[in-house]
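If you want the building blocks of each chain, they are given just below.
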Amino acid sequence: MRPAVGVVIPTRGDRPGPLRAALTGVLAQEYAGRVEVVVVADGVPASVVTRQVSGVSGAAPGCAAGLVAGVEAGGAARSVRVLDNRRAAGLPGARNTGISVLGTDFVAFCDDDDLWLPGKLAAQVAALAEEPDAGFASCAVEVEYGDRRVPRLAGIGHVTHRHLTRSRMMMVHSSTFLFRRGWTWVDESAPAGQNEDWDLALRAAWRHPIVHVDRPLVRVRWGSSHYAGRWADRIAGLEWMLARHPGLAAEPRGAARVYGQLAFCHAALGRRREAARWSLRAFSTRPGEPRAAVALAVAGGLVSPRAVLHALHRRGHGI
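What counts as what
- Residues numbered from 1 in each chain as written.
- Predicted model: local features only at pLDDT ≥ 70, side-chain atom pairs only at ≥ 80, totals over all residues.
- Heavy atoms only, no water.
- pLDDT = per-residue confidence, 0-100.
- Contact = heavy atoms within 4.5 Å.
- Axes fitted to C-alpha atoms, helices over the stretch in contact; angles between N-to-C directions.
- Helix = DSSP H or I, 4+ residues; strand = E, 2+ residues; numbered from the N terminus.
- Parallel < 35°, antiparallel > 145°, perpendicular 65-115°, else oblique.
- Left-handed = near helix turned anticlockwise from the far one by under 90°.
- Nonpolar A, V, L, I, M, F, W, Y, C, P; charged D, E, K, R; others polar.
- Buried < 20%, exposed > 50% of the residue type's maximum accessible area, 1.4 Å probe, protein only.
- Core = buried A, V, L, I, M, F, W, Y, C linked by side-chain atoms within 4.5 Å.
- Salt bridge = Lys/Arg side-chain N within 4 Å of Asp/Glu carboxyl O.
- Arc of directions from axis to C-beta.

Caption draft 1: Highlighting the confidence of the model for the protein chain. Confidence in the prediction of the protein chain, expressed as mean pLDDT, is 92, and 92% of residues score 70 or more. With pLDDT under 50 throughout, residues 60–68 is counted as low confidence; its partners more than four residues away or in other chains account for 19 contacts.

In structure tokens, the structure reads:
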């Protein structure tokens, strides 16, 4: 028998259309094992989210919050539950709520505005089955922004701790995560939920290199993120990562990237002095760090942060 997989989909209930699409993508996976989906309502009653997903194949119309609704898909069981967030408010607590109620062999994440593409689940379970000592898998993604879709591949089959220290590697995205149950939990101390996925990946890679299926099997939809433009939260999240992972400052390329991001966030808030300070630190760590130069341009009023992000997002990149 194939291992059972539990899928956690956190939601605030403010994106019903994308949520239904995300749930449909998970339930449509051609995977021969049992799949249990837990949709965690964060900051909104579970009954509201239940109505939003009602009618999606596998979520019975009018089912009460918390009730398991099951279907058979290709001979394999599929079930959906909608629960209230029982832990700390926010994304990390919502993810951990889902993990805590699952009794499956594997746990996977899917954000409510992303979409699993065909073959995602089967490919990752198979990849982990080939490496019994590994416990965590990711895959490449396809970034959707407006009318553009850009594949983001890693070019490797294993992601190490050093890879994630040198680069955030955005294709190692939370909606690609699949891991053995009990392998890890999300850190709920992440400020405003910022960088909880990067922290989780770093901790997983420290134990064992992440098994990476380098095919775009998840569509990551940019443009509707709850985190875009929350500059103060992003600053707090980056400072939290520097304090939590001292190795980031020891790797010049990775450190300069984080310093450049901090410079950009301060510039977006109009804090010119702080933007200049972090830009100087980025340049001294890695001469020519592009984020520092962009931050100075934003601080000087030469370009808006929105224009910078729009240009980058159209190419499948972020700051």
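Caption draft 2: Region of the structure containing the packing of helix 10 (residues 272–285) against helix 11 (residues 290–299). For the pair helix 10 and helix 11, the least separation of the axes is 9 Å and the interaxial angle reads 160 degrees. Accordingly, the angle class assigned to the pair helix 10 and helix 11 is roughly antiparallel. Pair helix 10 / helix 11 crosses with left-handed handedness. Taken together, the residues of helix 11 that come into contact with helix 10 (itself represented by Arg272, Ala275, Ala276, Ser279, Ala282 and Phe283) are Ala292, Ala293, Ala295, Leu296 and Ala299. The class makeup of the residues in the contact of helix 10 with helix 11 is 9 nonpolar, 1 polar and 1 charged.

Caption draft 3: Just the environment of aspartate 197, in detail. As for its placement among the helices and strands, aspartate 197 is situated in helix 6 (residues 196–207). Residue classification places aspartate 197 among the buried residues on the basis of a relative accessible area of 14%. Separated by 11 residues in sequence, aspartate 197 and valine 186 have C-alpha atoms that sit 7.8 Å apart. Leave out the neighbours within four places in its chain, and aspartate 197 touches Arg168, Ser174 and Phe177.

Caption draft 4: How the structure looks around the nonpolar core. Counting 93 residues, the largest nonpolar core has Val5, Val7, Ile9, Val37, Phe109, Leu164 and Val172 as its most contacted members. In terms of residue count, the dominant contributor to this core is helix 9 (residues 252–268) (8 residues). With sequence-adjacent residues up to four places away left out, isoleucine 9 is seen in contact with Leu19, Leu23, Val26, Val37, Val38, Val39, Val40, Cys110, Asp111 and Asp112.

Caption draft 5: Quick peek at the pattern of salt bridges. For the structure shown, the criterion picks out 21 salt bridges. Residue arginine 81 is joined to glutamate 36 by a salt bridge in which the shortest nitrogen-to-oxygen separation is 3.6 Å. Taken as a pair, arginine 81 in strand 4 (residues 76–84) and glutamate 36 in strand 2 (residues 35–41) lie far apart in primary sequence, 45 residues in all. Among the ionic pairs, glutamate 188 bridges to arginine 87, the shortest N-O distance being 2.6 Å. Here the residue glutamate 188 occupies a position in the loop between strand 10 (178–180) and helix 6, and arginine 87 occupies one in the loop between strand 4 and helix 3 (91–101), the gap between them amounting to 101 residues. Judged by relative accessible area, glutamate 188 falls into the partly exposed class, the value being 27%.

Caption draft 6: Molecular detail of helix 12 (residues 305–313). Pro305, Val308, Leu309 and His313 are the residues of helix 12 that are buried. Buried residues of helix 12, seen end-on, are gathered within an arc of 125 degrees and therefore sit on one face of the element. Turning to helix 12, the residues buried within the fold contact strand 7 (136–145), helix 7 (231–244), helix 9 and helix 11.

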